[in-house]
Amino acid sequence: MMARLTTWLDERTGFQQVWQAIFLRKIPKVNWFYTLGSATLFVAMNQMITGILLTLYYVPTPDHAYDSVQYITFQLPAGWYIRGLHHWGASAMVVLVVLHMLRVILYGAYKFPREVTWATGVILLLVTIGFGFTGYLLPWDQKAYWATTVGTRIAGAVPFVGDWILRILRGGNDLSAVTLARFFGVHVWVLPSVLLLLMGIHLFLVIRNGISAVPTRKD
Amino acid sequence: MDEKEKQAYLEKYHHEKEKGVPFFPDIIFKDTVVILVIFVALAALAYFAGAPLEERANPADTNYTPRPEWYFLFLFQLLKYFPGYLEVIGVVVLPTIGISLLFFLPLLDRSSKRHFINRPIVTGATLIGMIAIIGLTVLSIREAPPPAEAAGGDAVAALYIRNCASCHGASIQVATGTNLHNVIAEGKHEGMPSWSADLTSDQIDALAGFILSPGGSSLFAANCSACHSIEELVASSPVKLKEALGSGLTYEPHKGLQLPDWSKTLTPEQQTQLLNFLAAPDGQRLFATNCSACHGRYVAYSGEKEQLTKTISQGGVHLDMPAWKQKFSEAELQQLARYVVDPATAPEGKKLFQDQCAACHGERVPTAATVDEAYDQIANGGAHQTMPVWGQVLTPEQLDALVNYIIQANQGEDTEAGQKLFESNCAGCHGQFGEGGPNPARPNSVITPISSEEFLKTRDDITLAAIIALGQPDLGMGAFGNAAGGPLSDEDINSIVAYMRSWETNPPVVTAPEIEIQTLVMQGGEIYQQICAQCHGVSGEGNVGPALSDKDFQAKNNDQAIYDTISKGHNNTSMIAWGDILTPAQINQLVAFIRQMPPTEKPATPKPAEGQDAGNPPAAEATPTVTPTPKAASAPVFADIEPILKKRCAPCHGAMGGWDASTSEKVINSGDHGPAVIPGDAENSLLEKKLLGTQTDGTIMPPGGKLSEKELNLILEWIKAGAK
């Protein structure tokens, strides 16, 4: 029965081929450092799930942002825990992305034929930093407000276009409701879209080119 | 890598792959183990550490020390090494180089070598990069501003920690001759804001003193701060300071006090440290404390800078005064001498002084310690007043700042241009002569005069310029400077300031508009009735604000505490910082006025109208046939609570908007966070929470403290009874 169901499904989806390509592919003998990429993927998924849960209650306006975060933290059942996971997941994400990248540099894994995989990885690093920067403002507490004030002001120090960048980041001259809406939109819509797209390409390339082998002293 | 190497690599890789393991389950197993470890770590961190949440964002609180998230700390630290115009290196150049190197790494390193030892450049660069990032992060954490308690009672150190340490670390090295006051007041580069809107001139000078001489600051905290506030001493004359330190117990104001002999307990180095701390190089202030007593507001000087420096530092015979005994009678001389020593004791000398002395001495009465001394000087004349040898008193920095100020002040500003700009930009709200008027940005509030002597004397040019450029958002004044998107250039602002300064020597309008009479000329009692009584009651019985005539209040607060409260206000209440609006003298009058209020035992809480008092209907009206009082007692209606609301809530809520207490309908539904009342459900009504102080948002209402038990119960009963 099971076999017939599998065949029926495979005839219509070809899932066995995909299963084979992804899960049954051969991998050179590698060490524990090679788990860092998967770990990053896991934390990214943790961020998505907890992030989606948080948006159910979070309100991105200066009037209510702080209240809604307070509500999530102090009244919503397990809200504090979801927020804790998202908060610490953010730090873990940065740590793991950097460690993963160091592993790739150390083993020369960015070389032929994986140059494009590397390039998408560098952009993913920037996306991660972007997540950290935009997410920091959302609780709209003192730390959030002032760190973003200073952070955007630093961007304003770029010659010629600094003022323009500052106004784009803040949506005006000062930190305001527009800034919060903007940071929220980028954090919740723009960056996740970019992240998913690049992660898809990154993973596709990893599977297509195979995980690099641990180089020997002669390599 | 050429084609051959590529093929060789692919073949070798294919071979290793064949020898390898399947992704599932071998690799998946390893991944799962690591993921589990990470998940447990995350779960534990979330459980035990949680996610922090600070106070609600407060854009007005510029004292907050911003810290970025930890993974940005290294960038933050990096920026500290590129101040001023170099900042672009830290902001743009280095990050761009770093990211480009990363992104193009496969193109830069195209050799076929893969082992890290065979790629020394990449491995080395990565190592250096990581060490730099970790090192900068560690440095940033170590240079983090110590908590304010670390200042150990040194108020100025605490001020420094709050405002400067987050960027500058524990101390700042300053090149000699820097006018620190200007740097702090005006800001220097992007990232160093202008502080003049947030700090008073005194605070800025105290900070400048601290930066130049931190040791002096701790000496001050240890030895002087028990009696002196820093604001008082930075504004005093360096000559006096030096005398106080040098002459020990013979120094007049210190006589008879239980004090150590400063000339002995402090080493000469310590004395110098203390002096450097107390007299920070701020030209305008130095001029005001040291020179203006004799020179008035300006010294006309058009010569060389060197000559001026020499004159000031060497001092010299200053004025030749005629020997007045040839012209005045003995009685006149005596009269004048007494007037000069203390104008109050001999007002009859004023006319004489104005006729004969004012031509040279101006408005100022030259001081002399005793009548005899004054008599001697007036009678004999001569080089009675010698300009001090300032070179012995002032540090080189101070001298420099003083000379620069005098020269600048002499260059003069075109007050006509300033006047035009003032009329088109400022007069709308401040009046043509800076006399103030109703505040269009805040109903029921007035703009106090900015042309008063008091206002101008207490703000230096930089402060005035900063106020114009950045506005005063808390008081409803927008920013006028170009930098903040306003219409005025720095030059425009300077000429407006110059125009405002011209009021100081030449005060505008004697025919004061009525608003000026209302605000500036008012005395203690009048101010109280006009302003304070709105919340504290006409005789201090309190309504929205606490009862000031209350015995407890009077006992608990000394004069200083009351003064401070009036001057600084309470956050988030309608008790604003009146120190910005009233002069110290006026506040002192208020303190005195509050002190003489006849004490009352309990805060005289306003009672609801007689007969509607829920518990005890007065017998006189309890005629069952006419009024069904028992009904009123069991289920209060709006009319019962209206007097309470009117007296205790409407003073603010009527005028400030938001919640409206005028009808039962509005009590229930109006307000930003409405509904304020859920009829029948007092416990969940915002109104109840606000009155009991159990609210999660804002403060208890009324801000002066809970209503009386009786009032409270009546309102709660009313809600429970359906809020009809």
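All residue numbers refer to positions counted from 1 along the written sequence of the respective chain. Chain labels run from A onward and ligand labels from 1 onward, assigned in the order the entries are written. In view of the model being predicted, local features appear only for residues whose pLDDT reaches at least 70, and side-chain atom pairs are presented and counted only at 80 or more, with totals across whole chains, interfaces and linings using the full set of residues.

Break down the overall build of chain B for me, with residues and values.
The helix and strand labels rest on DSSP assignments: H or I over at least four residues marks a helix, E over at least two residues marks a strand, and numbering proceeds from the N terminus. A tally of regular secondary structure across chain B gives 38 helices and five strands. The exposure label follows from counting other C-beta atoms within 10 Å of a residue's C-beta, where the C-beta atoms are placed from the backbone and the thresholds are 20 or more for buried and 12 or fewer for exposed, leaving partly exposed in between. The buried share among the 724 residues of chain B stands at 29%.

Give a description of the overall build of chain A that names residues and reports values.
Each helix and strand in chain A was counted, giving nine helices and one strand. Its helices and strands taken in sequence order, chain A reads α-α-β-α-α-α-α-α-α-α from the N to the C terminus. Going through the 219 residues of chain A one by one, you find that 40% of them count as buried.

So what's going on with the environment of Phe-277 of chain B? Which residues, and what values?
All names here are of chain B. With respect to the helices and strands, the residue Phe-277 is situated in helix α15 (residues 268-278). When the 26 C-beta atoms within 10 Å are taken as the criterion, Phe-277 is described as buried. With 64 residues separating them along the chain, Phe-277 and Ser-213 place their C-alpha atoms 5.2 Å apart. Beyond its immediate sequence surroundings of up to four residues, Phe-277 is in contact with Gly-209, Phe-210, Ser-213, Gly-216, Ser-217 and Phe-220. Note on contacts: each residue gets a C-beta atom placed from the backbone, and two residues are in contact if those atoms are within 7 Å.

Tell me what's going on with the interface of chain B and chain A, and back it up with residues and numbers.
Counting from both sides, the interface comprises 58 residues of chain B and, opposite them, 67 residues of chain A. Contributions of two or more residues to the side of chain B that touches chain A are made by α1 (3-19), β1 (21-22), α2 (23-48), α4 (87-103), α5 (105-108) and α6 (120-142) of chain B. The biggest single contributor to the side of chain B that touches chain A is α2 of chain B, with twelve residues. Three categories are distinguished: nonpolar for Ala, Val, Leu, Ile, Met, Phe, Trp, Tyr, Cys and Pro, charged for Asp, Glu, Lys and Arg, and polar for the others, with Gly belonging to the last. Looking at the side of chain B that touches chain A residue by residue, the class counts come to 35 nonpolar, seven polar and 16 charged. DSSP calls a pair of strands paired once it identifies at least 2 bridges connecting them. Sheet topology places strand β1 (residues 26-27) of chain A next to β1 of chain B; two bridges connect them, and they run antiparallel. Directly across from Ile-27 of chain A, in β1 of chain B, lies its bridge partner Val-21 of chain B.

Break down the packing of helix α5 (residues 79-106) of chain A against α2 of chain B for me, with residues and values.
Axes here mean lines fitted to C-alpha atoms, for a helix over just the part in contact, with angles spanning 0 to 180 degrees between N-to-C directions. Two elements in contact, α5 of chain A and α2 of chain B, have axes separated by 8 Å at closest approach and are oriented at 125 degrees. One way to sum up the angle between α5 of chain A and α2 of chain B is to call them oblique. Here the hand of the crossing between α5 of chain A and α2 of chain B comes out right-handed. Each of Tyr-81, Gly-84, Leu-85, Trp-88, Gly-89 and Ala-92 of chain A in α5 of chain A lies in contact with α2 of chain B, whose residues at this interface are Ile-38, Leu-42, Leu-45, Ala-46 and Tyr-47 of chain B. Of the residues contributing to the contact of α5 of chain A with α2 of chain B, the split by class is nine nonpolar, two polar and no charged. When describing relative orientation, an angle under 35 degrees is termed roughly parallel and one over 145 degrees roughly antiparallel, while 65 to 115 degrees is termed roughly perpendicular and anything else oblique. For any pair of crossing helices, the crossing counts as left-handed if the nearer helix is rotated counterclockwise from the farther one by less than a right angle, and right-handed if it is rotated clockwise.

Summarise unusual backbone geometry; cite the residues concerned and give the values.
With omega at 0 degrees, the peptide bond leading from Phe-112 of chain A into Pro-113 of chain A counts as cis. Here Pro-113 of chain A shows up in the loop between α5 and α6 (115-137). With an omega dihedral of 10 degrees, the bond running from Phe-24 of chain B to Pro-25 of chain B counts as a cis peptide bond. Tracing the backbone shows Pro-25 of chain B in helix α2.

Lay out the confidence of the model for chain B with the relevant residues and their values.
All names here are of chain B. Chain-level pLDDT for chain B is 75 on average; 75% of the residues reach the 70-or-more range. Taken together, the stretch residues 509-520 has pLDDT below 50 and engages in 20 contacts with residues farther than four places along the chain or on a different chain. A residue's pLDDT is the predictor's confidence in that residue, given on a scale from 0 to 100. Here residues 603-632 is modelled with pLDDT under 50, and outside its nearest four sequence neighbours on either side it reaches 38 contacts, counting other chains as well. For this predicted complex, the interface confidence comes out at an ipTM of 0.94, alongside a pTM of 0.51.

Describe α2 of chain B, and please don't skip the residues or the numbers.
Spanning 26 residues, α2 of chain B covers 35 Å between terminal C-alpha atoms, matching the ideal 38 Å at 1.5 Å per step. The set of residues buried in α2 of chain B consists of Ile-27, Asp-31, Ile-38, Leu-42 and Ala-46 of chain B. Looking at the packing, one finds that the buried side of α2 of chain B touches β1, α3 (36-55) and α5 of chain A together with β1 of chain B. Count one or two residues on from α2 of chain B and you reach Gly-50 of chain B, which has phi positive near 65 degrees. To estimate how far a helix should reach, multiply one less than its number of residues by 1.5 Å.

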